[in-house]
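Notes for the structure review
For reference, the chains in residue letters:
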Amino acid sequence: MLACEDISVRFGRNTVLGSPAPVSLTLAESDFAAIIGPNGSGKSTLLRTLCRLQKPTTGRVLIDGKPVREMATKDVARVLALVAQSPPVPHDITVLDLVAHGRYPHRGFAEQLISSDRAIVESAIARCDVEAFAGRRLATLSGGERQRAWIAAALAQEPRILLLDEPTSALDIRHQLAVMDLLRGLNERDGITIGIVVHDINLAARACSRIVAMRKGQIVADGKPSDVITPDLMREVFGVETEISTDPATGAPVCRYLSPIGCAVE
Ligand code: ADP
Ligand code: MG
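A brief structural summary.

Here is what the cut-offs are and how they apply
Residues numbered from 1 in each chain as written. Chains lettered and ligands numbered in written order. Predicted model: local features only at pLDDT ≥ 70, side-chain atom pairs only at ≥ 80, totals over all residues. Heavy atoms only, no water. Donors = N, O, S within 2.8 Å, 3.2 Å for Na, K, Ca; no water. Helix = DSSP H or I, 4+ residues; strand = E, 2+ residues; numbered from the N terminus. Buried < 20%, exposed > 50% of the residue type's maximum accessible area, 1.4 Å probe, protein only. Core = buried A, V, L, I, M, F, W, Y, C linked by side-chain atoms within 4.5 Å. Contact = heavy atoms within 4.5 Å. 1 Å grid on protein atoms, 1.4 Å probe; cavity = no way out; pocket = protein on both sides within 12 Å on 5 of 7 lines; lining within 4 Å. Points joined across faces, edges and corners; volume = space filled by probe spheres on them. Nonpolar A, V, L, I, M, F, W, Y, C, P; charged D, E, K, R; others polar. Pairing = 2+ DSSP bridges. Axes fitted to C-alpha atoms, helices over the stretch in contact; angles between N-to-C directions. Expected span 1.5 Å × (residues − 1). Arc of directions from axis to C-beta. Near = heavy atom within 4 Å. Polar contact = N/O pair within 3.5 Å; in protein donor to acceptor, adjacent residues only side chain to side chain. Areas by Shrake-Rupley, 256 points an atom, 1.4 Å probe, with all protein chains shown as cover. Phe/Tyr/Trp six-rings, centres within 6.5 Å; stacked < 30°, edge-to-face > 60°. Lys NZ or Arg CZ within 6 Å of the ring centre and 35° of its normal. Salt bridge = Lys/Arg side-chain N within 4 Å of Asp/Glu carboxyl O.

Let us look at the coordination of the magnesium ion (ligand 2). Taken together, the protein ligands of the magnesium ion (ligand 2) are S44 (OG) and Q85 (OE1), with distances of 2.0 to 2.7 Å. Here Q85 lies in the loop between β7 (80-83) and α3 (95-101) and S44 lies in helix α1 (residues 43-50), a separation of 41 residues in the sequence. Accessibility expressed as a relative area gives 37% for Q85, which makes it partly exposed.

Within the largest apolar cluster, 53 residues are counted, with the highest numbers of intra-cluster contacts made by L162, L183, I194 and I196. With 7 residues, the top contributor of residues to this core is helix α5 (residues 143-156). Those residues in contact with L183 that lie beyond four places of it in its chain are F32, L162, L164, I194 and I196. Counting 26 residues, the second-largest nonpolar core is a separate cluster that includes L2, V23, L46 and V76.

Okay, the layout of surface pockets next. The volume enclosed by the largest pocket comes to roughly 720 Å³. Looking at the largest pocket, it is lined by 24 residues, and the ones nearest its centre are A77, L80, A81, L82 and Q157. For the lining of the largest pocket, the secondary-structure elements that each account for two or more residues are α2 (73-79), β7, α3 and α5. Partitioned by chemical class, the residues of the lining of the largest pocket number 18 nonpolar, 4 polar and 2 charged.

With that settled, consider the sheet that holds strand β10 (residues 210-215). Across a sheet, paired strands are connected by hydrogen bonds in the backbone, their directions being either parallel or antiparallel. The mixed open sheet is built from 6 strands, whose spatial order is β7-β8-β9-β4-β10-β11. Two strands in the sheet have a free side with no partner beyond their single neighbour: β7 and β11 (218-223). Recorded for the sheet is a direction-independent mean angle of 15° between the axes of neighbouring strands. Sheet topology places strand β4 (residues 32-36) next to β10; 4 bridges connect them, and they run parallel. Paired with I35 across the strands is V212, a residue of β10.

Relative to the 18 Å expected for 13 residues at 1.5 Å per residue, helix α4 (residues 115-127) spans 18 Å between its end C-alpha atoms, a close match to the ideal helical length. Listing the buried residues of α4 in full gives D117, I120, V121, A124 and I125. For α4, the arc enclosing every buried residue in end-on projection is 135°, short of the 170-degree limit, so these residues lie on one face. Among the exposed residues of α4, those oriented more than 90 degrees off its buried face are S115 and E122.

Before going further, it helps to examine the site of ligand 1. Surrounding ligand 1, one finds F11, V16, P38, N39, G40, S41, G42, K43, S44 and T45. A distance of 3.1 Å separates an oxygen atom of ligand 1 from a polar backbone atom of S41. Against a free-state accessible area of 560 Å², the protein chains account for coverage of 57% of ligand 1. If you tally residues by element for the shell around ligand 1, the top one is α1, at 3 residues.

In this structure the tally under the stated criterion is 0 aromatic pairs. The residue whose ring lies beneath K74 is Y104, and the NZ or CZ to ring-centre distance is 5.1 Å.

As a further point, take the side chain of Q218. Among the structural elements, Q218 can be located in strand β11. Among the residues examined, Q218 registers a relative accessible area of 17% and is labelled buried. Within the structure, the side chain of Q218 is placed 2.7 Å from the backbone oxygen of A21, a separation counted as a polar contact. Other than its neighbours up to four places away in sequence, Q218 contacts G18, S19, P20, A21, V23 and A213.

A few words on the pattern of salt bridges. Across all of its chains, the model carries 15 salt bridges by this definition. Between D129 and R174 there is a salt bridge; the shortest N-O distance is 3.7 Å. On the criterion of sequence distance, the pair formed by D129 in the loop between α4 and α5 and R174 in helix α6 (residues 173-190) is long-range, its members being 45 residues apart. Residue class for D129 comes out partly exposed when judged on its relative accessible area of 32%. The salt bridge partner of D181 is R184, with a shortest N-O separation of 3.8 Å. Here the residue D181 and the residue R184 both occupy positions in helix α6, the gap between them amounting to 3 residues, near one helical turn. We classify D181 as partly exposed; its relative accessible area is 37%.

Here's what the structure looks like:
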């Protein structure tokens, strides 16, 4: 459904993704995949390349087998939505305006929203728990409130593929869990393909069906949380000693962090 084939991304002399070997990844319809890895390992670059914001130096990205380079921007936006890591804040727009803007790919340029659009916008606002400040300007919100507004805008887009770059980083724990549950529902009930960059390994392991681990611009592991999250992987990828147990309620691996080994940030 969404795939990248043999991609690499180079900035100047620095190949930040796909060196020494190019990177390939396929997100299938049923996938709810977490992308994990230390700072600078290429997670955002991979996500940006998958949604056509970043042109790969080599390789190509395909949606339903079609190269995205050959698709119109609006056609890509009809099927794929991105919640970026720290999108610029359009100062004077309200949360409601932002979420309503999510309908744009489904409408003509100057067309008004019709009642079915409004229902979709209202539902996105309710599901992301942003009703209380829907009339406020984005610039006046807290980081976490704003993050939820961006997620609501992406939901209003009604994508078949949803990519999110650290959407939970600024959220309180209740909203972190709520966003992950919301995404799981979208994946399980509505069949939306989800790729999400998350730093919290336990949050990822609890909610996601697949974990893709990155290090130094390479995918070093990809599989079920219980297969990927091991003390060896945590040591190799993050440079952290861990103890891994199994959550009896969910069967998901649970990491207890013991100590950092040197510093994994490169
Ligand atoms: P992550 O999201 O895993 O923290 P990124 O994908 O943002 O990592 O970045 C990977 C590497 O690419 C980092 O070393 C970063 O500094 C570098 N990088 C990202 N974007 C650019 C850019 N536009 N120009 C130069 N270097 C970049
Ligand atoms: Mg990033």
